[in-house]
There are 4 protein chains.
Amino acid sequence: MNESTDVQSRLAEKRFKLTRVGVTGVKKPIEVKRPWGSRTLNATLDIYVDLPSDQKGSHMSRNVEVTSEIVDKTVREPVEGLENLASTMCGQLLDKHEYASYSEVDIHADYFLEKESPKGRTSLENYQIRAKAEGRRNSRIRKYIGVTAIGMNTCPCAMEGTREKLKETHPEMANDLDEIPVITHNQRNETTAMLEVPAEKEVEVNDLIEIIESSLSSPTHEILKREDEAEIVIQAHENPKFVEDVVREILSKVLERYDDFPGSTHIEVKSESEESIHKHNALAERITTFGELRE
Amino acid sequence: MNESTDVQSRLAEKRFKLTRVGVTGVKKPIEVKRPWGSRTLNATLDIYVDLPSDQKGSHMSRNVEVTSEIVDKTVREPVEGLENLASTMCGQLLDKHEYASYSEVDIHADYFLEKESPKGRTSLENYQIRAKAEGRRNSRIRKYIGVTAIGMNTCPCAMEGTREKLKETHPEMANDLDEIPVITHNQRNETTAMLEVPAEKEVEVNDLIEIIESSLSSPTHEILKREDEAEIVIQAHENPKFVEDVVREILSKVLERYDDFPGSTHIEVKSESEESIHKHNALAERITTFGELRE
Amino acid sequence: MNESTDVQSRLAEKRFKLTRVGVTGVKKPIEVKRPWGSRTLNATLDIYVDLPSDQKGSHMSRNVEVTSEIVDKTVREPVEGLENLASTMCGQLLDKHEYASYSEVDIHADYFLEKESPKGRTSLENYQIRAKAEGRRNSRIRKYIGVTAIGMNTCPCAMEGTREKLKETHPEMANDLDEIPVITHNQRNETTAMLEVPAEKEVEVNDLIEIIESSLSSPTHEILKREDEAEIVIQAHENPKFVEDVVREILSKVLERYDDFPGSTHIEVKSESEESIHKHNALAERITTFGELRE
Amino acid sequence: MNESTDVQSRLAEKRFKLTRVGVTGVKKPIEVKRPWGSRTLNATLDIYVDLPSDQKGSHMSRNVEVTSEIVDKTVREPVEGLENLASTMCGQLLDKHEYASYSEVDIHADYFLEKESPKGRTSLENYQIRAKAEGRRNSRIRKYIGVTAIGMNTCPCAMEGTREKLKETHPEMANDLDEIPVITHNQRNETTAMLEVPAEKEVEVNDLIEIIESSLSSPTHEILKREDEAEIVIQAHENPKFVEDVVREILSKVLERYDDFPGSTHIEVKSESEESIHKHNALAERITTFGELRE
């Protein structure tokens, strides 16, 4: 390449640094290795570096090259976790973009895990994995792994309201109505937990799925025969949960499960319910560190 | 314009006619007049004509011109219904594309209607209007109006299953449990009814909304205080509905409400539930004519 | 199951048959076998049967069971093409829903194929596969395979317009300007070809990709170094194409490539450009049979 | 309401504060007043407060009530700008949720502005307005207004590459090729500028649109006849721009236009191109303050 056509390396006319410059929506199949076997994930990647104030453009094709080189390597040698792939990419981005001081990689992919219904029926359930890494020159790369799970939650507030109403209209059942779960609105819920993985530590996505699903009123299943369905509905109504409850329960379990993680460990938990009695959604979220949670 | 640059009018190299050629995703604010006042709808339009086998290209800018001219006119003189706007546009498209034998306009827009909760609290609820027209040269333009409403439905099958389970675990309540609505899964449901409007007839979108909402287990509301919420939950559980039931009830009410419409009148009804116990949706649909329904 | 809880099998109150009843958005990884190896596709499936007028509900869990059984089998014995998977499922749906006379399966999945840039650089490019099958009791199952490819097209009309303008402002270059491709608007284009696969015939998705990409102004590539980029841009401008041209060229090539397919073979081709000079898209579409095209 | 059913006010079991709790996707028509007239915007709102560690739930219906009360008022008395509406809502949210220390409102809505093509043809062009406010108890509410515009950008790098190639293949035109804009890839671009509005200051959305559109290679238009089209294409190729250039030019113009805004003023600019030669997008972004930009 002669100099005249390396337009990106020219001096920028307007001298402002840029926070993030890169490519979004790059799709690649990635071979991931787990203790229990390998798996192909169809991943979508966003890949950025920063840009100093005096350089006109970022060489974006290098971002895609980094992806391809690493992803091609995974065919021969599967990566151990998407967050480690993102981390390796962040290092190589800083190598390839010598002018950059920051690099970032965001990945998301569909993921499947075999789950058992209350009556022992197994099916492959679908989740979304999210991984992220942030590189800073001459500093440790920070990496994150997370998962989004779809589950069910039942409203504790409406349950109390309907219980009272039913007692009024059926006074003879007043005592009995305290003994059984009563009707309330329930709905599809989408909950995400995203956790920093400290150096020398590991987070298994399947554990995060377990933590999220056990914090909802109930997990959901693709195949439910009649008996399973009744079990799930009863279980969900015996565990009514606000989105607020879901987030707090996950925070509590994560703290316990990863009690050796340092106070600086970043964590984000978000739970959103597609309210069946409203046209809008209900959302609760906490963005914090382990240190703040432990106070 | 000299001939050399009217590239569209040149002879096509490959001689195939095309079913639909046009523009999609054109956004325009449209002033609509109702018996009870005017309203601005932010509409998205898809606008097509067909193309004969010997002509290279369609003059797509004419489609957008038709839109703009008509929409500009609505500022001074609001249209009476989106389906009539679509119909007028279909006529003008055939005028402007002298080579076309078919024209089609699809419109959708957010719509708001004031609704009252069980306890008399009013709020503006959101719906989607859909309108469509199909023009054929030397033939009557066919026009359609429809609406999508979000509501709630509760599963009648799981309700029977949990009732049986609860009777087993609470045998002393066995009789009482037949007297009250019991727990089941319920969820957000999106239902669409789309109806042909025959010549000389009219369909009011607000009537379609009424028909859809009364066919669901319950309509939903943006604002519900505690008492309202209990009312809605109880009402929804006293009307458990499969998506199949929702579609059939709408078909039945439409037939009754528009009993003077001819047998050739086209109708489509679709109901989709975001199942709270599954990660997938449940859907029921009927595409037919009034004539077939009346058999 | 005792009779009282098989709510679906009860008599329907409103006696209308339903066109389609089923589940949508079921996600499953599917192992597909190709002449050149196996591959895991992350598929999303919609699965329907019809419902006679006298039956209250469809047993939707059977739809998901059919999926799971077949998909589980593909782990041991990969299917040869998604359209054959859809076809097998349609047969089993009619077996499991003894009351149904129609079954339908729609599948879409991300797909990757190694492609070479003009300068010989290879990368895995992303496409969307679509497959569909329709079963009718006592009749042959019809099956379809298709693909959506993202490419680039350049506008032939604006090219002529700018050539004229440039000749006016640069009269000394008038002759030269006829010798080179001149500037025009170009843009991302999404084109889909969906083809019925007749009994005893086969359609290879990679062939459809080749047909679509060669009918656009240019295919696109994830990695392009500077020299590649110039090649692609020049090639695309030497092949300016309306969406109308793209659809017709695909129709022509499909007819030639599958010249032994019967006249009843169904075909749909759609090309949509995200116009760079407009906020809306341009679309051309043909829905027809081989018989009509051969006329 | 008796105490037993105010489930939200109960003590939380897990004692963690929550960053944001609220409702998302609330749709309302809002009457906005401008110096040049009023207009109805169909807005979508997300409305949050924080939640202290000891309280079980947030009273979400109050969020929707705040919306409705204020929006109802706009019918009689249009608001002067969505950012002011968001700001007023943030204040009322803190009043209604006495336990909250933070409130946040995010709004987006379609917006239309009359624009003129190079040849003087006018049309209503579509944009997206975004507004946001953040309230903190006993502190000033911060408010933001922004806009997303769709335009066109042409790649300066590929233009140099093709110019060189064309010189090689057409050596006789070598000098002339430096005189004219040559072919390159161009594409639809979506650019957003979001700006804090300091106390006592005002930002007019139409000015932000002007700043964004003049920083792209060219704005786009819904209606372009042949002559307009050529003008736009030539203009866009005379102003080739990376997404990096677009962001920097906007930053520069915003600094100049709002030179009396304090250094603490927050600004975010993002430009994303739907690359016509790639399947992925290119993105540049800067998130900063006026103070940092002025350094």
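Since this is a predicted model, take the numbers as computed values, not measurements.

This paragraph deals with the overall build of chain A. Each helix and strand in chain A was counted, giving seven helices and nine strands. The dimensions of chain A, computed from C-alpha atoms along their principal axes, are 90 × 40 × 40 Å. Looking at the 295 residues of chain A, the share that counts as buried comes to 56%. Considering only residue pairs separated by 6 or more positions, chain A has 71% of its internal contacts joining residues 24 or more positions apart.

The next thing to look at is the pairing of strand E3 (residues 102–116) of chain D. Looking along a regular strand, one sees side chains alternate from face to face of the sheet. Residues and elements named next belong to chain D. Bridge count between strand E2 (residues 37–51) and E3: seven bridges; the pairing is antiparallel. Bridging from a neighbouring strand, Thr 44 pairs with His 108 of E3. Note that E3 and strand E4 (residues 122–136) share 15 bridges and pair antiparallel. Bridge pairing in E4 places Ser 103 opposite Gly 135. From the end of E3 to the start of E4, which pair antiparallel, there are five residues, and Gly 120 there has a positive phi angle of about 85°.

Once chain A is rotated about the relating axis by 180° and shifted along it by 0.0 Å, it coincides with chain B to within an RMSD of 0.0 Å. The transformation relating the two chain copies, once decomposed into turn and shift, fits a two-fold axis. When the interface residues of chain A are mapped onto chain B, 100% of them again lie at the interface, so the same face is used by both copies.

Moving on, we get to the interface of chain D and chain B. Accessible area lost when the parts come together is the quantity often used to give the size of an interface. At the junction of the two partners, chain D supplies 22 residues and chain B supplies 22 residues. Put simply, the parts of the chain that give the side of chain D that touches chain B at least two residues each are strand E1 (18–34), E2, helix H1 (60–76), E3 and E4 of chain D. Its residues placed into classes, the side of chain D that touches chain B shows eight nonpolar, seven polar and seven charged.

Least-squares fitting of chain D to chain B yields an RMSD of 0.0 Å, with the transformation described by 0.0 Å of translation along the axis and a rotation of 180°. Looking at the interface residues of chain D, 100% of them are also at the interface in chain B, so both copies use one shared face.

Its 15 residues place the ends of helix H2 (residues 82–96) of chain B 21 Å apart at the C-alpha level, agreeing with the 21 Å of an ideal helix rising 1.5 Å per residue. For H2(B), the secondary structure elements touched by its buried residues are strand E1 (18–34), strand E2 (37–51), helix H1 (60–76), strand E3 (102–116), strand E4 (122–136) and strand E5 (142–154) of chain B.

Here the focus is helix H4 (residues 205–215) of chain A. The set of residues buried in H4(A) consists of Val205(A), Leu208(A), Ile209(A), Ile211(A), Ile212(A), Glu213(A) and Ser215(A). Those residues of H4(A) hidden inside the fold are in contact with strand E3 (102–116), strand E4 (122–136), strand E5 (142–154), strand E6 (186–196), strand E7 (218–219) and helix H6 (243–257) of chain A.

Bringing the environment of Arg140(D) into the picture now. Summarising the element assignment, Arg140(D) is placed in the loop between E4 and strand E5 (142–154). Along the primary structure Arg140(D) and Leu41(D) are separated by 99 residues, whereas in three dimensions their C-alpha atoms are 27 Å apart.

The next point concerns the packing of helix H4 (residues 205–215) of chain C against helix H6 (residues 243–257) of chain C. Residues and elements named next belong to chain C. At a minimum axis separation of 9 Å, H4 and H6 run at an interaxial angle of 140°. One way to sum up the angle between H4 and H6 is to call them oblique. Taken as a pair, H4 and H6 cross one another with a handedness that is right-handed. Residues Asp 207, Ile 211, Ile 212 and Ser 215 of H4 form the contact with H6, whose own contacting residues are Val 246, Glu 249, Ile 250, Lys 253, Val 254 and Arg 257. Looking at the contact of H4 with H6 residue by residue, the class counts come to five nonpolar, one polar and four charged.

This brings us to the nonpolar core. With 329 residues, the main nonpolar core has Leu82(A), Leu82(B), Leu82(C) and Leu82(D) as its most contacted residues. Ignoring any residue separated from it by four or fewer positions in sequence, one finds Leu82(D) in contact with Val32(D), Ala43(D), Ile107(D), Ala109(D), Ile129(D), Ala131(D) and Ile145(D).

What follows is about the interface of chain A and chain B. Residue-level contacts link 39 residues of chain A with 39 residues of chain B. For the side of chain A that touches chain B, the secondary-structure elements that each account for two or more residues are E4, E5, helix H3 (156–169), E6 and helix H5 (226–238) of chain A. Top element by residues in the side of chain A that touches chain B is H5(A). It accounts for seven residues. Across the side of chain A that touches chain B, the residue classes tally to 15 nonpolar, 14 polar and 10 charged.

Residues and elements named next belong to chain A. The domain architecture assigned to chain A consists of domain 1 (12–140) and domain 2 (141–295). If you look at the interface, domain 1 gives 26 residues, while domain 2 gives 24 residues. Of all the secondary-structure elements, those providing two or more residues to the side of domain 1 that touches domain 2 are helix H2 (82–96), E3 and E4. The dominant element in the side of domain 1 that touches domain 2, judged by the number of residues it contributes, is E4, at 11 residues.

Moving on, we come to the confidence of the model for chain A. Caution is warranted with low-pLDDT regions, since their predicted coordinates should not be read in detail. Across chain A, pLDDT averages 93, with 98% of residues at or above 70. What the predictor reports for the complex is a pTM of 0.95 with an ipTM of 0.93.

A few words now on the environment of Lys96(B). Residues and elements named next belong to chain B. Within the secondary structure, Lys 96 is located in helix H2. With 16 C-beta atoms counted inside 10 Å, the residue Lys 96 sits in the partly exposed group. Placed 51 residues apart in sequence, Lys 96 and Val 147 show a C-alpha to C-alpha distance of 30 Å.

About the criteria used
Residues numbered from 1 in each chain as written. Chains lettered and ligands numbered in written order. Predicted model: local features only at pLDDT ≥ 70, side-chain atom pairs only at ≥ 80, totals over all residues. Helix = DSSP H or I, 4+ residues; strand = E, 2+ residues; numbered from the N terminus. Buried ≥ 20, exposed ≤ 12 C-beta atoms within 10 Å, placed from the backbone. Contact = placed C-beta atoms within 7 Å. Pairing = 2+ DSSP bridges. Least-squares fit on C-alpha atoms with pLDDT ≥ 70 in both. Nonpolar A, V, L, I, M, F, W, Y, C, P; charged D, E, K, R; others polar. Expected span 1.5 Å × (residues − 1). Axes fitted to C-alpha atoms, helices over the stretch in contact; angles between N-to-C directions. Parallel < 35°, antiparallel > 145°, perpendicular 65-115°, else oblique. Left-handed = near helix turned anticlockwise from the far one by under 90°. Core = buried A, V, L, I, M, F, W, Y, C linked by C-beta atoms within 7 Å. Domains from an automatic or database assignment. pLDDT = per-residue confidence, 0-100.

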